[in-house]
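Below are the chains, spelled out letter by letter.
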Amino acid sequence: MQANNLNWEVQAEFREYLSAVNPEMPKIDVQVFPNTLYGEGATRLIPFDLSDSLKTVYPATTPNLYAGYLRIKATEELTTNFVAASQMFFVIKGSGSTKMDSGMIAWNTGDLITFPAIESAHHQASEDSILFWVNDAPLLKYLGVIPNEKRFEPVLYTQERITQELKKVRALYEGKNPNRIGVLLSNPHFPTTMTLTQTLWSLYNILPKGIVQNPHRHNSIAIDHCVSAGPGSDTYTMIGKDIDEDGHIINPIKAVWSPGSTFITPPGWWHSHHNESNQDAIVLPIQDAGLIMNMQVLDFKMIR
Ligand SMILES: [Fe+2]
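Note that the structure is predicted; figures quoted are calculated from it, not measured.

Undergrad: Looking at this structure, how should I read the environment of Ile303?
TA: One can find Ile303 in the segment after strand E21 (301-302). Classification of Ile303 by relative accessible area gives partly exposed; the value is 24%. Separated by 60 residues in the primary sequence, Ile303 and Ile243 have C-alpha atoms spaced 9.8 Å apart. In this structure, Ile303 is in contact with Asn179, Asn214, Pro215, Ile243, Gly247 and Trp270, ignoring residues within four places of it in sequence.

Undergrad: Explanation requested: the domain arrangement of the chain in the structure shown.
TA: How big an interface is tends to be reported as the loss of accessible area on association of its parts. For the chain, the assigned domains read domain 1 (32-157) and domain 2 (159-302). Look at where the C-alpha atoms of domain 1 and domain 2 centre, and you get two points 21 Å apart. Both sides of the domain 1 and domain 2 interface together cover about 2500 Å² of buried area, and 69% of this is carbon and sulfur. Among the elements of the structure, strand E1 (32-33), strand E3 (66-72), strand E5 (86-93), strand E8 (112-116), strand E10 (129-135) and strand E11 (155-157) are those that each provide at least two residues to the side of domain 1 that touches domain 2. With five residues, the top contributor of residues to the side of domain 1 that touches domain 2 is E5. Looking at side-chain class alone, the side of domain 1 that touches domain 2 contains 21 nonpolar, nine polar and four charged residues.

Undergrad: Mind showing me how you'd approach the coordination of the iron ion here?
TA: Ideal geometry at a metal centre gives angles of 109.5 degrees when four donors are arranged tetrahedrally and 90 or 180 degrees when six donors are arranged octahedrally. Coordination of the iron ion by the protein comes from His216 (NE2), His218 (NE2) and His271 (NE2), over a distance range of 2.1 to 2.2 Å. Positions of the donor residues of the iron ion, expressed as sequence spacing, correspond to H-x1-H-x52-H. Remark: His271 occurs in strand E19 (residues 270-275) and His218 occurs in the loop between strand E14 (212-217) and strand E15 (222-228); sequence separation between them is 53 residues. There is no split in this pair, since His218 and His271 are both buried.

Calculation criteria
Residues numbered from 1 in each chain as written. Predicted model: local features only at pLDDT ≥ 70, side-chain atom pairs only at ≥ 80, totals over all residues. Heavy atoms only, no water. Helix = DSSP H or I, 4+ residues; strand = E, 2+ residues; numbered from the N terminus. Buried < 20%, exposed > 50% of the residue type's maximum accessible area, 1.4 Å probe, protein only. Contact = heavy atoms within 4.5 Å. Domains from an automatic or database assignment. Buried area = accessible area lost by both parts, 1.4 Å probe. Nonpolar A, V, L, I, M, F, W, Y, C, P; charged D, E, K, R; others polar. Donors = N, O, S within 2.8 Å, 3.2 Å for Na, K, Ca; no water.

Encoded structure:
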């Protein structure tokens with residue numbers, strides 16, 4: 001056989017360094033996915049597909065993560081078959097069970113479940129149920145790989161346990177005003193990053209009434225789900241690219257915490273949490289920080 005080198009050279013590209021070393025990447029904006037997306041209608045998957053703005057040929061919410069809601073009507077079922085190495089499901093409301101090849105998990109409002117790479121998950125609702133889900137399918141699509149190893153076992157973090165752990169942390173800071181009162185949901189398979197999975201990171205963060213949590217930033221992208229908050233627009237996150245010399249966010253965008261809704265905090269942007277209502281609020285950010293932290297490029301910074 002003779003080598004046909006002309007063919008192999010067709011795709012050899014060369015670009016001048018200064019004009020190509022820092023290309024303009026697809027813009028990642030603050031985006032809101034309101035609870036009205038799942039208010040009514042048939043049992044279905046409701047993905048947050050931003051592939052147009054991310055310029056991907058596959059569905060994606062962020063470069064690494066795919067997220068959305070699941071609406072499953074009472075007694076009905078829905079199968080998800082994400083090609084992902086890590087999956088997270090949070091029960092916004094309802095109850096039911098999920099069957100996969102390694103067994104079945106029963107879930108209720110406020111529970112959070114993680115799955116490793118599995119072929120499919122059959123979700124069945126015993127009452128009208130809404131789930132919020134995030135997985136790392138876009139990362140695998142970007143790499144062009146299908147996982148062939150489960151890096152961890154499915155895990156159930158019940159609402160009861162999460163609340164207990166949050167109470168313990170709250171007691172720890174009684175009478176003080178720390179910049180964060182939250183619990184990181186973690187997995188024993190990832191002791192170095194202490195994250196939810198090898199790619200996903202998750203915080204169950206309480207924002208007590210009347211409290212401001214000062215600006216912080218990180219290179220991971222957050223898909224922030226609001227678990228609970230007072231009515232109106234008095235509980236919110238301010239998000240902006242830069243801070244001034246006094247640590248205030250310049251020209252921030254306001255993302256209101258509306259229970260059951262979700263918003264994106266872009267990578268590297270500063271954000272502060274504000275609760276001007278008379279009710280404690282809870283936010284559940286899911287980030288790609290497992291991956292970013294493992295690469296040691298999280299670059300977390302906080303204004304104290
Ligand atoms: Fe954050």
